[in-house]
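An overview of the molecular structure
Here is how the chains run, residue by residue.
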Amino acid sequence: MPESFALLGYVASFYFFSKWENTENFKDLLFSSVFLGFGLLEKLTLGFIGIVPAFMLLYKYKKRFLISKEVWIYGFISLVIPLIYYYIVGIGAKDPFVRQIYGIVIDLSLIHI
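About the criteria used
Residues numbered from 1 in each chain as written. Predicted model: local features only at pLDDT ≥ 70, side-chain atom pairs only at ≥ 80, totals over all residues. Heavy atoms only, no water. Patch = residues over 30% accessible without salt bridge, like charges linked within 9 Å, V, L, I, M, F, W, Y side chains within 5 Å. Areas by Shrake-Rupley, 256 points an atom, 1.4 Å probe, with all protein chains shown as cover. Salt bridge = Lys/Arg side-chain N within 4 Å of Asp/Glu carboxyl O. Helix = DSSP H or I, 4+ residues; strand = E, 2+ residues; numbered from the N terminus. Axes fitted to C-alpha atoms, helices over the stretch in contact; angles between N-to-C directions. Parallel < 35°, antiparallel > 145°, perpendicular 65-115°, else oblique. Left-handed = near helix turned anticlockwise from the far one by under 90°. Contact = heavy atoms within 4.5 Å. Buried < 20%, exposed > 50% of the residue type's maximum accessible area, 1.4 Å probe, protein only.

**Focus: a nonpolar patch on the surface**
Nonpolar side chains collect at one region of the surface, where Phe-48, Ile-51, Phe-55 and Leu-58 lie side by side and expose about 410 Å² of accessible area between them. Mapping Leu-58 onto the fold places it in helix α3 (residues 51–61).

Shown next as structure tokens:
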């Protein structure tokens, strides 16, 4: 049941995010982004839940939203975990349908090493 792990990821992500808002401890923000990344890894279709922390960061930073390093680190870590997983799955997949899941199409003939 992936929904239970996804739920754990989202609840833990919001817990550490709210803790970060109160304490400004960068470690809490990192935990929040890692848990959100693992939640997205388990259930990518629930990615819209990541909109809530985005709006909370927008409310907190207002005009500094796009130049704040915390916002970029949070977004990067939250998204890189599932993207790496789906990239690896796409490389190892033999069926063309599986390689195209979530829009990740991998054509190894384009890579010139």
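What follows picks up the thread again.
**Digging into the packing of helix α2 (residues 26–42) against helix α4 (residues 69–92)**
Contact pair α2 / α4: the axes reach a minimum separation of 8 Å and the direction vectors enclose 30°. Taken together, the axes of α2 and α4 are roughly parallel relative to one another. Remark: the crossing between α2 and α4 carries right-handed chirality. Contacts from Phe-26, Leu-29, Leu-30, Ser-32, Ser-33, Val-34, Leu-36, Gly-37, Phe-38, Leu-40 and Leu-41 in α2 reach Glu-70, Ile-73, Tyr-74, Ile-77, Ser-78, Leu-79, Ile-81, Pro-82, Tyr-85 and Tyr-86 in α4.

**Topic: the side chain of Ser-13**
Relative to the helices and strands, Ser-13 resides in helix α1 (residues 2–23). Relative accessible area serves as the criterion here: at 1%, Ser-13 is assigned to the buried category. Residues in contact with Ser-13, not counting those within four places in the same chain, are Ser-32, Phe-35, Leu-36 and Tyr-74.

Treat this as a map of the structure, not an account of what it does.
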